[in-house]
Amino acid sequence: MSTPPLASGHEGPHALRPLLDTVLEALDTGARARGGPLPAGGPEAVAARIRKAVGDVLPDRGDPHAVRTLVHAFAETAADPAHPLCAAHLHCPPFAVAAAADLAACALNPSMDSWDQAPGASELERLVAGALAREIHATGTPDALVTTGGTESNQLALLLAREAHGGSVRLVCGANAHHSLPRAAWLLGLPDPVVVPAPGGTLDPRALDDALTRLSGPLLVAATAGTTDAGLIDPLPEIAAHCAAHGARLHVDAAYGGGLLFSDRHRTRLTGLDAADTVTLDLHKLGWQPVAAGLLAVRDGRDLTALRQRADYLNADDDTDAGLPDLLGRSLRTTRRPDVLKIAVTLKTLGRGGLGALVDQVCAHAQQFAALVDEHPAFELHAPPVISTVLFRPTDATDPTVAAVRRALLTDGSAVLGRARLDGRLWLKATLLNPATGPDDLAALLHLAAASRATLVEGHTPR
């Protein structure tokens, strides 16, 4: 058997070109076979299609058509975030330009753990991370690390807080905080978090002040800018003021809402963010990047010295002294891919104005969808959207009915809606991240939910 062609090197582009044609054709035929935002039939039907396509996972003889077969099956059984009726999660449709840039990262395969494996990529990461950190913290010595997303960023924030306080800190967070924060406290061996009430879905500043008054020792307050349930933003200026008054460190999980920074119209909703010591930001949400594209920004770059490690084969002292950049302290991971390339290409291609316009667009879509819900006699709107998430439910429906409506849509593959529990009730959740969504798509999404509810409860489909 001859050696398979490599993706990089002089012959790499020539080897990739016909394979790209095959992949793009299989993506197209797979999407056409799927026909909607989600494959129909539910988990068992999808699993059966994948099993049939894969056959023997490791056959004695290779299959030259494996790329076409498996990519087709992958596309046919995918949840397509670019479909306007796929609106369940913070799962964005990535820009084509970002996906194209990511191909170059895959082909060249830099590893971001030593300069000699990623010479240009290391400088690109430094430039982009610094620029994005300065979007949040305009003064001081801000910096940022590239992460796999909000979970890793939140864990790093707790780690840096622990080290800044000499090895011990207690997390204080709202009942609305992302699950990764208490889990990070557990992973790091920290005390059980103090959970502050979040009536209406946002952290109560007065309850936070009471908690900080009665607690002693080093404290880290975690606020949220863009909750996963409803896209709500905690009152950051009041929270920051309480942290300053009590000497507590502040972290803001802005994995979702951080994208508002690009918008002149909406960035004021993040007033107070610059007071945070650390900030989580995900560009695979309101940044339209392929997963993963997370960051942790720090107000004081000196905090990152806690991550420094020495491994002679990666960052020997004499190499560092001779001027080779030390990358090992830029992550808790060792081998990691250059996710910064797709981010850099996107920022450069669209600019602040282009990204801001798209943020404005999806926020406007949410307002439009909320208006449709509010005007529809068969639905109840939870509240006007803050970012691009809309919670709604069939009028007078029970929670089991709300859950069944969602599952019915998933099973027939017609629409993908999420779920959220707020105010003691279950809600359908539409997270609108697709800038190409139009008014007819929003109307269709609501009609499908109404039809599903009618079928389940009344036994007929409305006209």
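Before reading further, recall that the structure is shown in the block above.
Here's a quick rundown of the structure.

The rules behind the values
Residues numbered from 1 in each chain as written. Predicted model: local features only at pLDDT ≥ 70, side-chain atom pairs only at ≥ 80, totals over all residues. Heavy atoms only, no water. Axes fitted to C-alpha atoms, helices over the stretch in contact; angles between N-to-C directions. Helix = DSSP H or I, 4+ residues; strand = E, 2+ residues; numbered from the N terminus. Left-handed = near helix turned anticlockwise from the far one by under 90°. Contact = heavy atoms within 4.5 Å. Nonpolar A, V, L, I, M, F, W, Y, C, P; charged D, E, K, R; others polar. Salt bridge = Lys/Arg side-chain N within 4 Å of Asp/Glu carboxyl O. Buried < 20%, exposed > 50% of the residue type's maximum accessible area, 1.4 Å probe, protein only. Pairing = 2+ DSSP bridges. Phe/Tyr/Trp six-rings, centres within 6.5 Å; stacked < 30°, edge-to-face > 60°.

Moving on to the packing of helix H4 (residues 96–108) against helix H12 (residues 340–375). At a minimum axis separation of 8 Å, H4 and H12 run at an interaxial angle of 145°. You can see that H4 and H12 cross each other, and the crossing is right-handed. Here Val97, Ala98, Ala101, Asp102, Ala104 and Ala105 of H4 lie close against H12, whose contacting residues are Leu341, Lys342, Val345, Thr346 and Thr349. Of the residues contributing to the contact of H4 with H12, the split by class is 7 nonpolar, 2 polar and 2 charged.

With that settled, the discussion passes to the pattern of salt bridges. Within this structure, the stated rule accounts for 23 salt bridges. When the shortest N-O distance is used, the salt bridge between Arg162 and Glu163 registers 2.8 Å. With a closest N to O distance of 2.8 Å, Asp303 and Arg249 form a salt bridge. In this pair, Asp303 is assigned in the loop between strand S8 (294–298) and helix H10 (312–315) and Arg249 in strand S6 (residues 249–253), connecting sequence segments 54 residues apart. Of the two residues, Asp303 and Arg249, neither departs from the other in class, the shared state being buried. Sharing partners across several salt bridges, the network here consists of Asp102, Arg337, Asp339 and Lys342.

Read across the open sheet, the 5 strands follow the order S1-S11-S12-S10-S9; overall the sheet is mixed. Each end of this open sheet is capped by a strand with a single partner; those strands are strand S1 (86–87) and strand S9 (379–381). Sheet topology note: the S1/strand S11 (residues 416–422) ladder contains 2 bridges and is parallel. Paired with Cys86 across the bridge in S11 is Val416. Here H12 sits on the sheet and contacts S9, strand S10 (389–394) and strand S12 (425–431); the angle it forms with S10, its principal contact strand, is near 15°.

Taken as a whole and assessed by the stated rule, the structure comprises 3 aromatic pairs. Here the aromatic rings of Phe369 and Phe392 are separated by 5.4 Å at their centres, their planes lie at 80°, and the arrangement is edge-to-face. Of this pair, Phe369 sits in helix H12 while Phe392 sits in strand S10, placing them 23 residues apart in sequence. For the pair shown, Phe369 and Phe392 are each scored as buried. The interplanar angle of 65° and the centroid separation of 5.6 Å between the aromatic rings of Phe379 and Phe392 together place this pair among those described as edge-to-face. Separated by 13 residues along the polypeptide, Phe379 in strand S9 and Phe392 in strand S10 bring together distant segments of the chain. Under the relative-accessibility criterion, Phe379 is labelled buried at 6%. Ring pairs connect the aromatic residues Phe369, Phe379 and Phe392, which therefore count as one cluster.

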